Structure formats: C-alpha cells, structure tokens
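Fold and contact review
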Amino acid sequence: MEKLWEDFGFGLFFWNAIIFVGLIFLLKKFAWKPILDAVNEREEGIKNALLSADNARKEMQNLQSDNQRILQEARLERDALLKDARDMKEKMVADAKNEAQAQGQKMIEQAKAAIESEKNAAVAELKLQVSTLSLQIAEKLLKDELSNKEAQVKLVEKMLGDAKLN
C-alpha cells in the first residue's frame, strides 16, 4: 500500500477521473437509459403478464362457476323433461286404456243388441213356422173331419154348443 502512495500522481488521477466521468456520462446517455428503459419495459411487461394471468385465473373461475351453474340448470331441465315425458306417457297409456275400455263396452253393447235382434228374429221366425204348422195341421184335421157328413154335423152342433156357453 505504501508503494501505491509513492507512485500516486495527480495528473494521472485527474485524467483517469475525467475519463471515468466521461465514460459514466456516455454510458448514462447512450447505454444506461436504454438499459433502464428495457428493464422498466420488461418489468411492466411482467406486471401486465401477471395481471393478465390473474385476470385469466379469475375469468377461469367465473367460467367454471358458470359451467357448474349451466350444468346444474341442464340437469334440472333434463329431469323436468324426463318427468314431463313420464307424465305424458302415463296419461297416454291411461287414455288408451280408457278408450279401449269404452270401445270394448261399445262393442259389447253392439253385440248384445245384435244378439237381441237375432233372438227376436229367431222368435218371430219360430212363431211364423209354428203358426204355419198349426194352420197346416188344422187344415188337415178339418179336411178329415169335414170329409164325412156325420162328422160335420157333430162339429157344427159342438160349435153351437160352445158358442152358447160363451
């Protein structure tokens, strides 16, 4: 250290100091300001990126909550649609049953009416055949009885006797 004090010269010190100040001045003017601007710009970019990331995270959380809400609404709507479909199916089945029962009852009534009509027609036909048969029998009997003279007289007397009694 002593040797440094012995070799110390003010002229060299002065020129070194001027060169150093000049170098600092040049660095400040041409290098320091662009470097600081670049650092500040970089810092601002990082700040903006962090804000953007924070905003994106918040937006993502909002979207997730919206998605959950929309999903819940969709589930509720799906459940409501399924319930409506089940109710509609049950109503359609009940209506079809009622209609089938009504048609069945109507067909039974029509069948009863047809049976009654056929029965009446059969009874009328039977009455017609019985009356025709009775007339044929009566005609044959009368022919037999009226063919002989004595039987005619007896029949007339009997009829006269029956007519007086009435």
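Residues numbered from 1 in each chain as written. Predicted model: local features only at pLDDT ≥ 70, side-chain atom pairs only at ≥ 80, totals over all residues. Heavy atoms only, no water.

How we decide: UniProt positions are given in the numbering used here, feature names are shortened, and annotations may be inferred rather than shown by experiment.
The protein goes by ATP synthase subunit b in an unreviewed UniProt entry, where it is assigned to Flavobacterium alvei. The protein has a UniProt comment under Sequence similarities (unreviewed entry) that states "Belongs to the ATPase B chain family."

A look at the overall build of the protein
Which entries qualify depends on this criterion: Numbering of helices and strands runs from the N terminus, with a helix taken as a DSSP run of H or I at least four residues long and a strand as a DSSP run of E at least two residues long. Radius of gyration here is computed from C-alpha atoms only, and the compact-globule reference equals 2.2 Å multiplied by the residue count raised to the power 0.38. Partly exposed residues are those whose accessible area sits between 20% and 50% of the maximum for their type, while under 20% is buried and over 50% is exposed, using a 1.4 Å probe and protein chains only. To measure how exposed things are, a 1.4 Å probe is used in the Shrake-Rupley method; for residues, cover is taken only from the protein chains shown. Lys and Arg are tallied as positive, Asp and Glu as negative. Neither His nor the chain termini are counted. By convention, the charge on Lys lies at NZ, on Arg at CZ, on Asp at CG and on Glu at CD.
Counting its secondary structure elements, the protein contains 3 helices and 0 strands. When the helices and strands of the protein are listed from N to C terminus, the series reads α-α-α. Its C-alpha atoms give the protein a radius of gyration of 66 Å, clearly above 15 Å, the size a compact globule of 166 residues would have. Each principal axis of the C-alpha distribution contributes one length, and for the protein these read about 205 × 25 × 25 Å. Here the protein holds 166 residues, and the buried ones make up 1% of them. Entry remark: accessible area of the protein is about 15,700 Å², with carbon and sulfur atoms responsible for 64%. Here the protein carries 26 positive and 28 negative side-chain charges, and the mean point of each set is 4 Å from the other.

Things to note about the confidence of the model for the protein
Rules: As a per-residue quantity, pLDDT reports the predictor's confidence and falls between 0 and 100.
Here the protein shows a mean pLDDT of 87. Residues at 70 or above account for 95%. When mean pLDDT is taken per element in the protein, helix α2 (residues 10-146) scores highest with 90 and helix α1 (residues 2-7) scores lowest with 69.

Looking at the UniProt feature "transmembrane region" (unreviewed entry) in the protein
Here, the residues flagged by UniProt with the feature "transmembrane region" (unreviewed entry) are residues 12-32. With 100% helix and 0% strand, residues 12-32 has end C-alpha atoms that lie 27 Å from one another.

So, the UniProt feature "coiled-coil region" (unreviewed entry) in the protein
Those residues carrying the UniProt feature "coiled-coil region" (unreviewed entry) are residues 46-91 in this numbering. The span residues 46-91 is 100% helical and 0% strand by assignment, and the distance between its end C-alpha atoms comes to 65 Å.

A word on the pattern of salt bridges
Threshold: Salt bridges are counted wherever a side-chain nitrogen of Lys or Arg sits within 4 Å of a carboxyl oxygen of Asp or Glu.
Within this structure, the stated rule accounts for 7 salt bridges. The partner of arginine 69 in a salt bridge is aspartate 66, and the shortest N-O contact between them spans 3.9 Å. With arginine 69 and aspartate 66 both in helix α2 and 3 residues apart, the pair spans about one turn of that helix. Look at arginine 69 and you get partly exposed, because its relative accessible area is 42%. For lysine 91, the salt bridge is made with aspartate 95, and the minimal N-O distance between the two is 3.4 Å. One end of the pair is lysine 91 and the other is aspartate 95, both in helix α2 and 4 residues apart, which spans about a single turn. The network of salt bridges with common partners includes Asp54, Arg57 and Lys58.

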